[in-house]
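Structural overview for review
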Amino acid sequence: MKPFLLCTLCLLCLATRLNAQTLTISGEVARPVTLSAEDIKALPHQEVTGKDRDGKELHFSGVPVIELLKKAGVTTGGELRGENLAKYAVVKAIDGYEVVFALPEFDPAFASQVIILANRVDGAPLPAGTGPFRIVVPNEKRPARWVREVRSIDIRFAK
Ligand SMILES: Nc1nc2c(c(=O)[nH]1)N[C@H]1C(S)=C(S)[C@@H](COP(=O)(O)O)O[C@H]1N2
Ligand SMILES: [Mo]
């Protein structure tokens, strides 16, 4: 193979790999952000316990999603009232899986559980195919919204 072609392929592979490690928050936000796994690792973490599909308890560590939303200037806290209550978040994964959350689900002024973007489980990084980031909704009866391999959070208006 010609060196130039090989080099281009390597760069493409590297770009795809690096891209796979980022989380982008965009849509109805004050400033769209793209965070790397390193950026996320540097933020304050919280631990939550949840049950997987088989009812087995898992201990996750990660960043409360509300903190990530604040970085993008999403309406939270005192701003989460009136028409802002018609905003929702679409969380998307590498495989195209998508789930929706209403903004109050993330906000401690409304919710009694903390939804996190987990990057560790039972003391270890999330395994390939699950990480680097996974949503964990600790008290939900089914883990269907525990989105694996999260790539983006898109904030939208329901009108
Ligand atoms: N990216 C992605 N995340 C996903 C899914 C999926 O298909 N793709 N399935 C969900 C469903 S329906 C369940 S029950 C759990 C299963 O999680 P597990 O594979 O860790 O047991 O992942 C959730 N997260
Ligand atoms: Mo599921």
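Residues numbered from 1 in each chain as written. Chains lettered and ligands numbered in written order. Predicted model: local features only at pLDDT ≥ 70, side-chain atom pairs only at ≥ 80, totals over all residues. Heavy atoms only, no water.

The name an unreviewed UniProt entry assigns to the protein is Molybdopterin-binding protein, from the organism Arsenicibacter rosenii.

This part is about the overall build of the protein. The helix and strand inventory of the protein stands at three helices and ten strands. For the protein, the N- to C-terminal ordering of α and β elements is α-β-β-α-β-β-α-β-β-β-β-β-β. Partitioning the contacts of the protein with sequence separation of at least 6, the portion at a separation of at least 24 is 60%. As displayed, the protein has an accessible area near 9,100 Å², and 56% of this comes from carbon and sulfur atoms. (Helix = DSSP H or I, 4+ residues; strand = E, 2+ residues; numbered from the N terminus. Contact = heavy atoms within 4.5 Å. Areas by Shrake-Rupley, 256 points an atom, 1.4 Å probe, with all protein chains shown as cover.)

Turning next to unusual backbone geometry. The omega angle of the peptide bond from Gly131 to Pro132 is 5 degrees, so this bond is cis rather than trans. Relative to the assigned elements, Pro132 resides in the loop between β8 (124–125) and β9 (134–136). A positive phi angle, close to 45 degrees, is found at Asp122, a residue other than glycine. In this structure, Asp122 sits in the loop between β7 (116–121) and β8. For Glu149, which is not glycine, the phi torsion reads 45 degrees and is therefore positive. Looking at the secondary structure, you find Glu149 in the loop between β9 and β10 (150–157).

Ligand 1 sits among Arg53, Ala93, Asp95, Tyr97, Arg134, Pro143, Ala144, Trp146, Val147 and Arg148. Arg134 places a side-chain nitrogen or oxygen 2.9 Å from an oxygen atom of ligand 1. Relative to its unbound accessible surface of 530 Å², ligand 1 loses 74% to contact with the protein. Per-class residue counts for the shell around ligand 1 are six nonpolar, no polar and four charged. (Near = heavy atom within 4 Å. Polar contact = N/O pair within 3.5 Å; in protein donor to acceptor, adjacent residues only side chain to side chain. Nonpolar A, V, L, I, M, F, W, Y, C, P; charged D, E, K, R; others polar.)

Below, the discussion takes up the environment of Lys71. Its location among the elements puts Lys71 in helix α3 (residues 65–71). Classification of Lys71 by relative accessible area gives partly exposed; the value is 36%. It is 8.0 Å that separates the C-alpha atoms of Lys71 and Arg31, two residues lying 40 residues apart in sequence. Each residue touching Lys71, except ones within four places of it in the same chain, is listed here: Arg31, Val33, Leu35 and Leu43. (Buried < 20%, exposed > 50% of the residue type's maximum accessible area, 1.4 Å probe, protein only.)

Attention now moves to the pattern of salt bridges. Charged atoms that come close allow side chains of opposite charge to pair. Scanning all chains against the criterion turns up six salt bridges. A salt bridge links Glu67 to Lys70; its shortest N-O distance comes to 3.3 Å. Residue Glu67 and its partner Lys70 are both found in helix α3; the two are separated by three residues, about one turn of the helix. Its salt-bridge partner being Asp154, residue Arg156 comes within 2.9 Å of it at the nearest N-O pair. Given a relative accessible area of 31%, Arg156 falls into the partly exposed group. Here the residues in one salt-bridge network are Glu105, Glu140 and Arg145, joined through shared partners. (Salt bridge = Lys/Arg side-chain N within 4 Å of Asp/Glu carboxyl O.)

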